[in-house]
Amino acid sequence: MSPEEIPAVELLRRVPYGRVATSMRALPFLAVARHIVVGGRIVLRMHAGFGYHHACNGSVVSYGADNVNSGASRLWSVQVTGTAELTEPTTAELELFGPAPHFVDGEVFDPVYMRIEPQLVTVHTLGADGAEGAHGKGARRNSPSAGPLSRIRR
């Protein structure tokens, strides 16, 4: 993992949920998902009952998480873009996810897991005091490294 990727991964580890975005039947959609970061990759747990995982599997998706509703004075947002694939999590990964919800919209929660191989990571910070965030004000950078989370835009 490159030094530029570490802040993005650390931010994602601070919140348990985000939103995955792709298109289904040529229309965009967002779906809430639980995430963990393992080996520089993002692993998602979603409800299989909606079928969103079918649209995501093998497709380029964006996954975003933030602390916007946290009440913090310094807000941040991370977006990861990459290819999503269905996966079977390891026992250790299942433990990292913690307990699943019992129901989703009245249906019994049926978990399905996706792994995102990040190609681009974007981090934005917003400060109420006008000071620059931890990642600089308006800075953008593409890291030349070739590993997971290898390109970070800030």
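Look a little higher up for the structure.
Residues numbered from 1 in each chain as written. Predicted model: local features only at pLDDT ≥ 70, side-chain atom pairs only at ≥ 80, totals over all residues. Heavy atoms only, no water.

Student: How do you make sense of the pattern of salt bridges when you look at a structure like this?
Tutor: Working definition: two side chains of opposite charge can pair if their charged atoms are close together. For the coordinates displayed, the defined rule picks out 3 salt bridges. Here Glu117 makes a salt bridge to Arg41, at a shortest N to O gap of 2.6 Å. Linking Glu117 in strand E8 (residues 111-127) with Arg41 in strand E3 (residues 41-47), this pair joins segments that are 76 residues apart in sequence. The shortest N-O distance in the salt bridge between Arg115 and Glu93 comes to 3.4 Å. Note that Arg115 is positioned in strand E8 and Glu93 in helix H3 (residues 91-97), a separation of 22 residues in sequence. (Salt bridge = Lys/Arg side-chain N within 4 Å of Asp/Glu carboxyl O. Helix = DSSP H or I, 4+ residues; strand = E, 2+ residues; numbered from the N terminus.)

Student: Any chance you could explain the environment of Ala84 here in plain terms?
Tutor: Note on placement: Ala84 falls in strand E5 (residues 74-86). Sequence-distant contacts of Ala84, that is, excluding residues within four places in its chain, are made with Cys56, Asn57, Gly58, Ser59, Val61, Met114, Arg115 and Ile116. (Contact = heavy atoms within 4.5 Å.)

Student: I'm lost on the pairing of E8 in this one. Help?
Tutor: The side chains of a regular strand alternate, first on one face of the sheet and then on the other. When E3 meets E8, the two strands line up antiparallel, connected through 6 bridges. Its bridge partner lying in E8, Val43 is registered against Arg115. Strand direction decides the pairing type here: E5 and E8, joined by 13 bridges, are antiparallel. Within E8, the residue paired with Ser77 across the bridge is His124. (Pairing = 2+ DSSP bridges.)

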